[in-house]
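Each chain, written out:
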Amino acid sequence: MQKSTTIIGVLEMLEDGFSYNDIRTRYSIGNSTITDIKKKFKTMDVTLKHLHSMTPKMVEQMFYPNAHPRKEAPLPDFEKVYKKLTDKNSKANLYFIWIDYKKLYPDGYQYTQFKHYFKQWLDENHLESNLRMAINRVPGEIMYIDWVGDTLDLVYTDVPGELQTAHFFTTTLGVSSYCFVMAFPNEQTPNFLQGTIEALNFYGGVPKILKPDNTKAASIKNTKDVLILNKVYEDLQDYYNTVIVPAPPLKPRAKSTVENNVKWIETHLLEKLKGRRFSSFSELNAEISIIIDELNNREFSKEKGNRKELFDKYDKPALQPLPHESLKPYTYVIKTVPNNYHVEYDNHYYSVPHTYYKQEVTLKASYFDIIICDSMKHLICTHKRAYKPFPKYITKEEHMPESHRYYYLENKMNAESYKSWAKSYGPNVYELICMVIGTFRYEEQSYKSCNGILHLCKNNPKVFSDTAAKTCLESHIYNYTHFKKQLYNLMNQKKTNSSGTLPEHKNIRGKSHYE
C-alpha cells in the first residue's frame, strides 16, 4: 500500500512524461508499483483533479481497498490505549499493551503491525500529538542529564557468586550530543550529584543550563507553576554559576536529546558490557570510558564528522571555565535543635548557639566538615567533622549559656590546664595552685578549689590576686576559702584608702617632693 502523496505524485509524473527511472528515484518504489498505480487509475472514472479534492484516506482506499486489518484478528479500542499511554499515573508503554493484547488474542497481530495500525489511528484522531517542534540547539548552552533505564549485574561483591547491579548515569551536551557515562551502585542523590560533577570535569567547562530528568535528586517540587530545587543541587548551581532547569514531569520530548542518547547507549554500550564481570566500579568505569570514547569518535551515518569533532568545534569554546576545585558533595539533614543545643549526625553531636533551641536548622555534612545553617540558609556555625568514637559531643564554648560554661570548663580542665591558667595571674598564684593540687590525694579532687580560686582572680586586678596568694603561701594555708578572705581584705583596704589618705609606699611621691 502506497500513501496518497505517492499515488498522486506518480500519476502527475507519468502525465508530464517522466520516465520510470525518474519516478523510481523520486519515490523509491519499483517498476511494478508504478505500473500497478497506472493500471488502477485507468480503470477508475476519476481525474487527477478529482483525486486532489479527495482526502488522503479516500485516495488510499480507492487504490488499495483491501489494505485494512483482517477481520479474524480484532484490534483493541485504540482510544483506551491512547488514554492509558498518556495518563500521568501510568507506567505503560505500547509494547506492554501489545503483550496484554496477545494474551487475549494469541492469533492477533504481531508488534510491528500492531504499532503500524496504532500510528495510523493516531494520525487520524490525534494528529497534533505526533507533531514535533523544531529546536535550534545553541553550542554549549544545555547539558542534558538522565539515568539509563536498563541496568546490568556486572560488579562482584564480597559474597561469592553474587553480583552488584550497575546503574548508568549519562549526559549529553549542546549541538554535538557529546556523551558522558558513569556507572554507580544506585541512583541516590549523592551519586546523581557526583555524576554531574564528573560530567562537568569530563567536558572541561560549565554550560549555561543543566537540564536533569525530573528526579527528586534534582528537584523537590517541579510543576508548571513552582520549581523547588533539592538543596544539594542548589549548592551545585551556585558553585558552578549555572542554572538548573529540570525537565517537566512526564514530558520526555522536553529532553529528546538525552532520551535518544539513552537509547543509543542501550544499543552500543550496554550490549558490549552484557555478560562481562568487573572487580569494582572503578574497573567498570575505566572500561566504560574506553567504549564511550570510541563511540564519540565514531562517524555519523547520515552526515560528516562525529560527536567529538562537533564538540571541539562548537560546544567546548562556548563553555564557561570550571572553578579551580570541584564541588565537595554535601549530605543534607533537616534537624530541630533539642534542649541540649546539639544536633546529631553520624553518631556525633555538634553544638549550635543555645538561642536556637526548638528551631529548625539544616546540617550539611561533607567528608571534612559540618556546616549548620538556619531556615533562611544563613550560616550559623561550622565544625570539623568527628570520626573517632569519643568525644560524642563537639561543643563550642560560645554556644553555651553563661550558667553552663562554668561547669563545662571545670569538666574540661586538668591539673596542667589549671597551672597554665594560674601563670597568667602571677608567680604566687601559680605556686598557690600547685600547692592546692598537692594537698589532695587525687588531683581530680582539687579541681573545684582551683577553679574557684582562678575565677576570683579573673574578676579582680592581678596585683591583688598575686598578693593574696602570697599571703596564703606565707601562712601555709592552701584553700579557696582562705584565698577568698585574703583577697577581700585587700579589696576592702583599697576602698578605705581611696576615701582617705594614700598608704605610705616608697614608689608614691608625697607633698614634700614638690616643695
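Residues numbered from 1 in each chain as written. Predicted model: local features only at pLDDT ≥ 70, side-chain atom pairs only at ≥ 80, totals over all residues. Heavy atoms only, no water.

Asks: Help me understand the environment of Asp107, please; the structure alone is not making it clear to me.
Replies: Positionally, Asp107 belongs in the loop between helix H7 (94-104) and helix H8 (111-125). The sequence separation of Asp107 and Pro74 amounts to 33 residues, and the corresponding C-alpha distance is 9.6 Å. (Helix = DSSP H or I, 4+ residues; strand = E, 2+ residues; numbered from the N terminus.)

Asks: Can you help me understand the sheet that holds strand E15 (residues 393-394) in this one?
Replies: Sheet strands pair via backbone hydrogen bonds, and the direction of the pair is either parallel or antiparallel. If you trace the 3 strands from one edge of the open sheet to the other, you get E10-E11-E15, paired in mixed fashion. The open sheet has two edge strands, strand E10 (342-345) and E15, and neither has a second partner. Strand direction decides the pairing type here: strand E11 (residues 348-351) and E15, joined by 2 bridges, are parallel. Along E15, the bridge assignment pairs Tyr350 with Ile394. (Pairing = 2+ DSSP bridges.)

Asks: Explain the packing of helix H16 (residues 415-423) against helix H17 (residues 427-438) to me, please; I cannot follow it from the model alone.
Replies: Each pair of packed helices gets described by two things: the angle between the helix axes and the distance between those axes. At their nearest, the axes of H16 and H17 sit 7 Å apart, and the two run at 160° to each other. One way to sum up the angle between H16 and H17 is to call them roughly antiparallel. Here the hand of the crossing between H16 and H17 comes out right-handed. Counting all contacts with H16, which are made through Ala415, Tyr418, Lys419, Ala422 and Lys423, the residues of H17 involved are Val429, Tyr430, Ile433, Cys434 and Ile437. When grouped by side-chain class, the residues that make up the contact of H16 with H17 number 8 nonpolar, no polar and 2 charged. (Axes fitted to C-alpha atoms, helices over the stretch in contact; angles between N-to-C directions. Parallel < 35°, antiparallel > 145°, perpendicular 65-115°, else oblique. Left-handed = near helix turned anticlockwise from the far one by under 90°. Contact = heavy atoms within 4.5 Å. Nonpolar A, V, L, I, M, F, W, Y, C, P; charged D, E, K, R; others polar.)

Asks: Can you help me understand the packing of aromatic side chains in this one?
Replies: The way to describe two aromatic rings as a pair is by their centre distance and the angle between their planes. Going through the model one piece at a time under the given rule, you end up with 26 aromatic pairs. When the centroid spacing of 5.9 Å and the interplanar angle of 70° are considered together, the rings of Phe78 and Phe114 count as edge-to-face. Remark: Phe114 occurs in helix H8 and Phe78 occurs in helix H6 (residues 78-86); sequence separation between them is 36 residues. This pair shows no difference in class: Phe78 is buried, exactly as Phe114 is. Centre to centre, the rings of Phe78 and Phe118 are 5.4 Å apart; their planes meet at 65°, and the pair counts as edge-to-face. Remark: Phe118 occurs in helix H8 and Phe78 occurs in helix H6; sequence separation between them is 40 residues. (Phe/Tyr/Trp six-rings, centres within 6.5 Å; stacked < 30°, edge-to-face > 60°. Buried < 20%, exposed > 50% of the residue type's maximum accessible area, 1.4 Å probe, protein only.)

Asks: Looking at this structure, how should I read the sheet that holds strand E14 (residues 379-384)?
Replies: Strand order in this open sheet of 4 strands is E9-E12-E13-E14, and the pairing throughout is antiparallel. Single-partner strands in this sheet number two, and they are strand E9 (331-336) and E14. If you compare each strand with its neighbour and ignore which way they point, the axes differ by 20° on average. Pairing of E9 with strand E12 (residues 360-365) involves 6 bridges; the strand directions are antiparallel. Residue pairing in the sheet places Tyr332 in a bridge with Lys364 of E12.

Asks: I would appreciate a short explanation of the state of the cysteines in the present structure.
Replies: Simply put, disulfide is the name for a covalent bond between the sulfur atoms of two cysteines. Taken as a whole and judged by the stated rule, the model has 0 disulfides. Looking at the unpaired Cys434, the closest cysteine sulfur is the one in Cys450, lying at 8.8 Å. Just so you know, Cys457 is unpaired, no disulfide at all, and the nearest cysteine sulfur is the one on Cys472, 9.9 Å from it. You can call Cys457 buried: its relative accessible area is 0%. (Disulfide = S-S within 2.5 Å.)

Asks: Looking at this structure, I do not really get H7. What am I missing?
Replies: Owing to its 3.6 residues per turn, the α-helix brings residues three or four apart onto one side. Among all positions in H7, only Leu94, Ile97, Trp98, Tyr101 and Lys102 are buried. End-on view of H7: buried residues confined to an arc of 145°, all on one side of the axis. Its buried side turned inward, H7 meets H6 and H8. (Arc of directions from axis to C-beta.)

Asks: Before we go on, may I ask you to explain the pattern of salt bridges in this structure?
Replies: Opposite charge on two side chains permits them to pair, given that their charged atoms come into close proximity. Enumeration according to the criterion identifies 11 salt bridges in this entry. As a salt-bridge pair, Asp36 and Lys40 come within 3.3 Å of each other at their nearest N and O atoms. Of this pair, Asp36 and Lys40 both sit in helix H3 (residues 31-43), 4 residues apart, which is roughly one turn of that helix. The exposure class of Asp36 is partly exposed, given its relative accessible area of 30%. Look at Lys40 and you get partly exposed, because its relative accessible area is 23%. Note that Lys335 and Glu344 form a salt bridge whose closest N and O atoms lie 3.4 Å from each other. Given a relative accessible area of 23%, Lys335 falls into the partly exposed group. When salt bridges with common partners are traced through the structure, they connect Lys272, Glu294 and Arg298 into a single cluster. (Salt bridge = Lys/Arg side-chain N within 4 Å of Asp/Glu carboxyl O.)

Asks: What is the right way to read unusual backbone geometry from this model?
Replies: The general pattern is negative phi for most residues beyond glycine and trans for most peptide bonds. Following Phe390, the chain continues to Pro391 via a peptide bond in cis, the omega torsion being 0°. Looking at the element boundaries, Pro391 is found in the loop between E14 and E15. Of note, the phi angle at Asn347 is positive, near 65°, even though the residue is not glycine. Considering the arrangement of structural elements, one finds Asn347 in the loop between E10 and E11.

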